[in-house]
Amino acid sequence: MSAERFGGLRARIAAEAARLMIEEGVDQYFTAKRMAAKRILGRVEGRRARYRPADLPSNGEIREALLVLAERAEGSQRTRRLFALRIVALEAMRALAPFSPRLIGSVSTGHIRRGSDVDLHVFPADEEALERHVRALGWTFDRERVTLQKGGEIREYVHYHVADVAPLELTVYAPRDLRTRPRSSTDGKPIVRLGVAALSALCARDHPGAWERYLETGEVEGMDALLAADEDEPLPGPFDGLLDGAGEDGDEPACAEPGEEDDLYQDYEPLPGFEGAT
C-alpha cells in the first residue's frame, strides 16, 4: 500500500471532515467523513472513485483536526468560552442533583467548537419525576426519543434539549447504568463522566484565575458575549452529545450500521440527511 493511503489521504479526509463540521454545519462524524471522502476523491476518468475503510479517518482523528481548526480560528477566546460552558454545566448539574448528573463530551474533554452544547447524563428512577423537576426549574425544553445501534442491539434513548444560557442536552439512563462506563466511539476507551466535584476540580486546574473570580463573585466575566458568538452557528443535532467526544457512548444511528463495512467497498453515494470519571 502507498504512504498516501496510510497517511496523507486519511489526514486530508480528516481535515476536510473537520472543515465541513465547522463551516457547513455537518454535525455527525459518520456523515462528515464520507462527504469529505467524496469531495477529495471526486471522479477518476469520469467514474466515481472508490475508497476502503482504511482510507477513512477515525472519529478521534477528526476530533483532533477540529481542535486544530478551532484553536486557529479563536485563539484564547476558545479557552474562555470553554470555561463559560463548564460553569453552565456545573450550575445545571447542581440544579439536577437529585438525578446524579454527569458531564460528558466536548465540554468535559476540552474539544469544543462553535455550536458545542453541554451534554449531561442523568439517572432518574422515574423519568416523570425528572420532567416535573425540569419544568419546576422553569427550563424550556423539547423531549426526543432516539433509536440507536449499540453493541449490535437496537436501543432507545430519551433526550431533553434544554434552551438555557447555552444549549443543554440531557440523556436519560436508568440508575443502574451509573455503575457502567460505555466506550467512546472516538477512541474506544471508557467515556469520562464528571460529577460536580470532578468538574469543579477540572475548572480549578485548567482555569485557575477565572475559577477564583467565579468563586468570589458567582459570575463569569463576559459570559453572555462569549456564548452569543455561537448563536449564529448551526446548533448541534440530536446525536452531537453521543458522537462528539461527545462520541463518548460509541453509539451510531441505527440506520448506519447494517452492512456498513461491505458498503465501503462500493462506489460512494451521498448519504441521506440523517446523517469518564464518576
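This structure is a prediction, so every number in the text was calculated from the model and none was measured.

Draft legend 1. Seen up close, the confidence of the model for the protein. Here the protein averages 75 in pLDDT, and 72% of its residues register 70 or above. Under a pLDDT of 50 for its full length, residues 232–278 has, in the predicted model, 150 contacts with residues more than four places off or in other chains.

Draft legend 2. Expanded view of the side chain of Arg193. Within the element layout of this structure, Arg193 appears in the loop between strand 7 (168–172) and helix 7 (196–206). There is a polar contact of 3.2 Å between the side chain of Arg193 and the backbone oxygen of Asp177.

Draft legend 3. Highlighting the environment of Arg102. By the element assignment, Arg102 lies in strand 3 (residues 102–104). Distance from Arg102 to Leu194, taken between C-alpha atoms, is 5.1 Å for residues 92 residues apart in sequence. Within the structure, Arg102 has its side chain in polar contact with the backbone oxygen of Ser100 (distance 3.4 Å).

Draft legend 4. Representation of helix 6 (residues 127–136). All of the buried residues in helix 6 are Leu130, Glu131 and Val134. Down the axis of helix 6, the sector holding all buried residues measures 95°, keeping them to one side. Of the exposed residues in helix 6, the ones pointing more than 90 degrees away from its buried face are Glu128, Arg132, Arg135 and Ala136. Capping the start of helix 6, Asp126 holds a side-chain oxygen 3.0 Å from the backbone nitrogen of Glu128, two or three residues further along. Note on helix 6: the residue one or two positions beyond its end, Gly138, has a positive phi of about 80°.

About the thresholds
Residues numbered from 1 in each chain as written. Predicted model: local features only at pLDDT ≥ 70, side-chain atom pairs only at ≥ 80, totals over all residues. Heavy atoms only, no water. pLDDT = per-residue confidence, 0-100. Contact = heavy atoms within 4.5 Å. Helix = DSSP H or I, 4+ residues; strand = E, 2+ residues; numbered from the N terminus. Polar contact = N/O pair within 3.5 Å; in protein donor to acceptor, adjacent residues only side chain to side chain. Buried < 20%, exposed > 50% of the residue type's maximum accessible area, 1.4 Å probe, protein only. Arc of directions from axis to C-beta.

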